[in-house]
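# Secondary and tertiary structure notes
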Amino acid sequence: MKIDQHIKISKIIRRETLKTNQDFYSVIWIIGTVKGILIDGVLHKNVSNSMFFLNPRYKWKILKTNGKVSSGYIMYLSDKVLNEPSLSKLQINEVRILHTDTIHKAQLAPGIQNRVQTIIEMLEELLTTHLNHREDAILALVNTFFVYCDGQCNIKSSIDNNSSKASIVYSFKKLLSERITEQHDVIEYAEALHISPKYLNECVQEVLQTGAKSLIIEQLGMRARHTLKFSDKSIKEIAFDLGFSFLPTLAPSAKST
């Protein structure tokens, strides 16, 4: 893997910083003062010392008042990097895989900022060198970066947590990440959330315009496709791991892609 084709780092300097890597995940750390960040046409203000974790589907733009001084960093990461084994158990992977329809915002705890900035600066330097074993070093630093995010950031959805239905949907999606291989029925998740299946469906429909069962099927399909692509397991083995005798959501040619 040519690592510099899968990881990009840039500073937030221009008055308007646009997304440049359309198929990459974006990690945006805003350190200095900015007017805000425009995500899918919605302006988010008061974002100093904030870190955004954005799925590729989002269109975003950072707006500044001063075009000379850096206000932070942008790190672009490809699917291939995020699927590296060293990153597979990190919170960012759970966020990336499950919450593609939400904006994730975090804030660094006091005292962590300098360490995180040092990591980013080391990454930026390594990406421009040709040192031996630099790819291993870069992946190790990315791993360290997200370890700090896991431990020192409050990663949560920007879904309005004052909305009881939105909170239920967010809790449901977190349960999906933990139980999808064992639980496939809406009633099981409803019982865990101490609500009725009908009300869970109502919440999901209102917040995400889809059904609870559809989310379960979608998540099973994502897990299956990911395993099929990044492992040597057969469709039968994957189906067994996910608790099925077959996987109707997988296309017959999936293994060849």
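Residues numbered from 1 in each chain as written. Predicted model: local features only at pLDDT ≥ 70, side-chain atom pairs only at ≥ 80, totals over all residues. Heavy atoms only, no water.

Another aspect to go through is the overall build of the chain. When helices and strands are tallied, the chain shows 9 helices and 10 strands. The burial tally for the chain puts 44% of its 257 residues in the buried class. Across the chain, the fraction of contacts at a sequence separation of at least 24, relative to all contacts at a separation of at least 6, is 70%. Accessible area of the chain: about 13,800 Å², with a carbon and sulfur share of 51%. (Helix = DSSP H or I, 4+ residues; strand = E, 2+ residues; numbered from the N terminus. Buried < 20%, exposed > 50% of the residue type's maximum accessible area, 1.4 Å probe, protein only. Contact = heavy atoms within 4.5 Å. Areas by Shrake-Rupley, 256 points an atom, 1.4 Å probe, with all protein chains shown as cover.)

Let us look at the environment of Lys59. Looking at the secondary structure, you find Lys59 in the loop between strand E6 (50–54) and strand E7 (60–63). Taking the C-alpha atoms as reference points, Lys59 and Ile39, 20 residues apart in sequence, are found 5.8 Å from one another. Among all residues touching Lys59, those that are not within four sequence positions of it are Leu38, Ile39 and Asp40.

This part takes up the nonpolar core. In this structure, Ile7, Met51, Met75, Phe145 and Phe146 are the most contacted members of the largest nonpolar core, which totals 31 residues. Of all the secondary-structure elements, those providing two or more residues to this core are strand E1 (7–11), strand E3 (25–30), E6, strand E8 (72–77), helix H1 (79–82), helix H3 (113–126) and helix H4 (134–152). The element contributing the most residues to this core is H4, with 7 residues. Excluding its chain neighbours within four sequence positions, the residues that come into contact with Met51 are Val27, Ile28, Trp29, His104, Lys105, Ala106, Leu108, Val116, Phe145 and Cys149. Ranked by size, the runner-up nonpolar core spans 22 residues in total, among them Leu175, Tyr189, Ala190 and Leu220. (Core = buried A, V, L, I, M, F, W, Y, C linked by side-chain atoms within 4.5 Å.)

Bringing the packing of helix H5 (residues 164–179) against helix H8 (residues 212–230) into the picture now. The interhelical angle for the contact between H5 and H8, taken along N-to-C directions, is 35°, at an axis separation of 11 Å. When the axes of H5 and H8 are compared, the crossing they make is right-handed. Between H5 and H8, the contacting residues are Phe172, Lys173, Leu176 and Ser177 on the first element and Ala212, Leu215, Ile216 and Arg223 on the second. Its residues placed into classes, the contact of H5 with H8 shows 5 nonpolar, 1 polar and 2 charged. (Axes fitted to C-alpha atoms, helices over the stretch in contact; angles between N-to-C directions. Left-handed = near helix turned anticlockwise from the far one by under 90°. Nonpolar A, V, L, I, M, F, W, Y, C, P; charged D, E, K, R; others polar.)

Running from N to C, helix H7 (residues 197–208) and H8 point in directions that differ by 75°, and their axes come no closer than 8 Å. The angle between H7 and H8 places the two elements in the roughly perpendicular class. Contacts between H7 and H8 pair Leu200, Asn201, Val204 and Leu208 from the former with Ala212, Lys213 and Leu215 from the latter. Split by residue class, the contact of H7 with H8 holds 5 nonpolar, 1 polar and 1 charged. (Parallel < 35°, antiparallel > 145°, perpendicular 65-115°, else oblique.)

Shape descriptors only; they carry no functional weight alone.
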